[in-house]
Amino acid sequence: MDTAKIRNFSIIAHIDHGKSTLADRILELTGLLTDRDKKEQYLDRMELEQERGITIKAQAVRIPYTAPDGQEYTLNLIDTPGHVDFSYEVSRSLAACEGALLVVDATQGVEAQTLANVYLALDNDLEVIPVLNKADLPSAEPERVAEEIEEVIGLDASGAVTVSAKTGLNVDQVLQQIVEQLPPPKGSADAPFKALIFDSWYDSYQGVVVLFRIIDGSLKKGDRIRIFSTKRDFEVTKLGVFSPGPKDVKELGPGEVGFLCASMKELGDAPVGDTITKPENPTDTPYPGFQKVKPMVFAGLYPVEPAEYETLKAALEKLQLNDAAFTFEPETSQALGFGFRCGFLGLLHIEIIQERLEREFEARLITTAPSVVYQVRNTDGEELLIDNPSKLPDPQEIEVVREPYVRLEVHVPNDFVGAVLALCEEKRGIQKNINYAGINRVIITYEIPFAEIMYDFFDKLKSSTKGYASLDYEVIDYREADMIKLDILINGDPVDAFSIIVHRENAPRMGRSLALKLKRSIPRQMFEVVIQAAIGRKIVAKERNAPFRKDVTAKCYGGDITRKRKLLEKQKEGKKRMRRMGNVEIPQEAFLAVLKAG
Ligand code: GDP
Ligand code: MG
């Protein structure tokens, strides 16, 4: 195919600004989407994604487009995941493009995620076309938002089209801008074969499906390929494009986007960001920017019933097949028995995995408090990586603890600057910049411990800014910090699953707050329950639950029998999620209480 007739682009936007809706409208306008497909947003296929309204899996669609002058073009729309937890995947999808549509909701304006994505696009040398969306809404202010794009991002927005992705208004103009303003791919048909892997997933029939963008050379079914980082060779058994469903093709050349299958058994066979070449004439310069994704946040997952351990293990194995960033290994907890230490990209990633386990695999789980990874040097000079609070050595054996820091960027209207600064200071943040960028919008930059934004930061930020703040973060480095372990004792016995690592200054406050939260979430039992928070041997907080004979039906006054039965069933249901520690029954919510302490 003539590269001059190819345009590879992606759509970037803050969540809910209309990325998926615009993608659908483009597919519809070019005749790719039939009425039958319309009822669900094509690019958000997973059930879970639809409910959450975010796109987790990147997709690529080939769109044949006839320009008004009669010229035929091939547009490849590459969809990107929409959340900070997935920014490496976003950056690799962008790397496969020459340009991006920047969709900004004209009733809102530029948000943190907008800017974060624009930076990723500019890092990848993309040409960015601003699009002002939701023009059909009376509250749309396209002029103000265009001005804001110029001031905050520094992009020329004078030619920005005002569209309604919902009604289709002016979307045809966006297609024209794509062919006029985005450069065609460069690339040589004769150079050694080189392609970028920008997504891969596991399919139970085909094995690993690889989405790739060819830089140089061409590829046919039956060709032998080599994965650059692993030097492993495979034979291409299937070659195709999505348009919008999978279609086989004979050959793909420079600048083209497609998928292949090659009897690959696991995602590690085709890591995102890696380069594909050919063994007979391999390239010696891989596509730059390859990183192995690695989990940043760890939590324990335990079956509610010990007998369900094997079922849980099977479910985790299945999930891992399709999620290279998710890791797990067996661990045992004194309190919870046999379970798994699992690694995630961030908190949203934990929620997604947890929900999938419960929904798709009907697993009943107890999730322990998530923890970042600490670097610890002990008094023997050994360097340890600690991802589980209960594994932190005793204070006298610790020489140095280092914790991960992130660069945090919060976008907020002027009125809330004070509230955001107060919150960041409370969370041990180091202020880096306050930028009054544009009309009533401030960008606040902090360097802040990752652990501090993990628990209740998002909730607090939302409530202290009436929901107006948006944020983005990336891990930058590790710094020395005075971290200690806070333990929880139930009736005198430490419960390892409740231990957390906290900064020494915050420990007493966290201890009191946690003890109180646990008191509230552990139901009263037939004997007294004493909850203590301790640092080493020192008790910093103590709460007690008086004994109580639990009878949930008492308040029915013996009246309505069906209601009584319902209550009993509810109580039974609740029991399933209880774990016994010694004599004490602890519900799943108690483990989550750790998250909300602070
Ligand atoms: P995404 O998160 O960027 O993919 O956003 P979506 O495409 O899922 O859109 C978020 C919400 O905004 C949905 O409820 C859409 O129906 C709505 N929406 C998107 N575009 C428009 C538009 O042009 N006008 C109006 N009124 N609503 C829109
Ligand atoms: Mg979407």
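Higher on the page you've got the structure.
These numbers come from a predicted model, not from an experiment.

**Student:** Any chance you could break down the environment of Ala165 for me, citing the residues and the numbers?
**Tutor:** Here Ala165 lies in the loop between strand 6 (161-162) and helix 7 (171-181). As a C-alpha pair, Ala165 and Arg25 span 140 residues in sequence and 6.3 Å in three-dimensional space. Residues within four places of Ala165 in sequence aside, it is in contact with Gly18, Thr21, Leu22, Arg25 and Asn133.

**Student:** Account for the sheet that holds strand 6, naming residues and giving values.
**Tutor:** The mixed open sheet is built from six strands, whose spatial order is 2-3-1-4-5-6. A single partner strand is all that each edge strand has here, and the edge strands are strand 2 (60-66) and strand 6. Judged from the seven bridges that link them, strand 4 (residues 99-105) and strand 5 (residues 127-133) form a sheet pairing that is parallel. By the bridge assignment for strand 5, Ala100 is matched with Val128. Seen against the sheet, helix 6 (residues 142-153) touches strand 4, strand 5 and strand 6 and runs at an angle of roughly 150 degrees to strand 5.

**Student:** Would you mind going over unusual backbone geometry in detail, with residue names and values included?
**Tutor:** Between Ser243 and Pro244 the backbone carries a cis peptide bond, its omega angle lying at -10 degrees. As for its position among the elements, Pro244 is in the loop between strand 12 (238-242) and strand 13 (246-248). Phi at Asp16 takes a positive value of approximately 75 degrees, unusual for a residue other than glycine. Note that Asp16 resides in the loop between strand 1 (6-13) and helix 1 (19-29). Even without glycine at this site, Lys231 takes up a positive phi of about 60 degrees. Relative to the assigned elements, Lys231 resides in the loop between strand 10 (224-227) and strand 11 (232-235). For Lys231, a relative accessible area of 47% puts it in the partly exposed group.

**Student:** Would you mind going over the pairing of strand 10 in detail, with residue names and values included?
**Tutor:** Burial along strand 10 is one-sided: Ile225 and Ile227 are buried, while Arg224 and Arg226, pointing the other way, are not. Linkage of strand 10 to strand 11, two consecutive antiparallel strands, is achieved through a turn of four residues, within which Lys231 is found at a positive phi near 60 degrees. As paired elements, strand 10 and strand 16 (residues 275-277) share two bridges and run antiparallel to each other. Residue pairing in the sheet places Ile227 in a bridge with Ile276 of strand 16.

Conventions adopted
Residues numbered from 1 in each chain as written. Chains lettered and ligands numbered in written order. Predicted model: local features only at pLDDT ≥ 70, side-chain atom pairs only at ≥ 80, totals over all residues. Heavy atoms only, no water. Helix = DSSP H or I, 4+ residues; strand = E, 2+ residues; numbered from the N terminus. Contact = heavy atoms within 4.5 Å. Pairing = 2+ DSSP bridges. Axes fitted to C-alpha atoms, helices over the stretch in contact; angles between N-to-C directions. Buried < 20%, exposed > 50% of the residue type's maximum accessible area, 1.4 Å probe, protein only.

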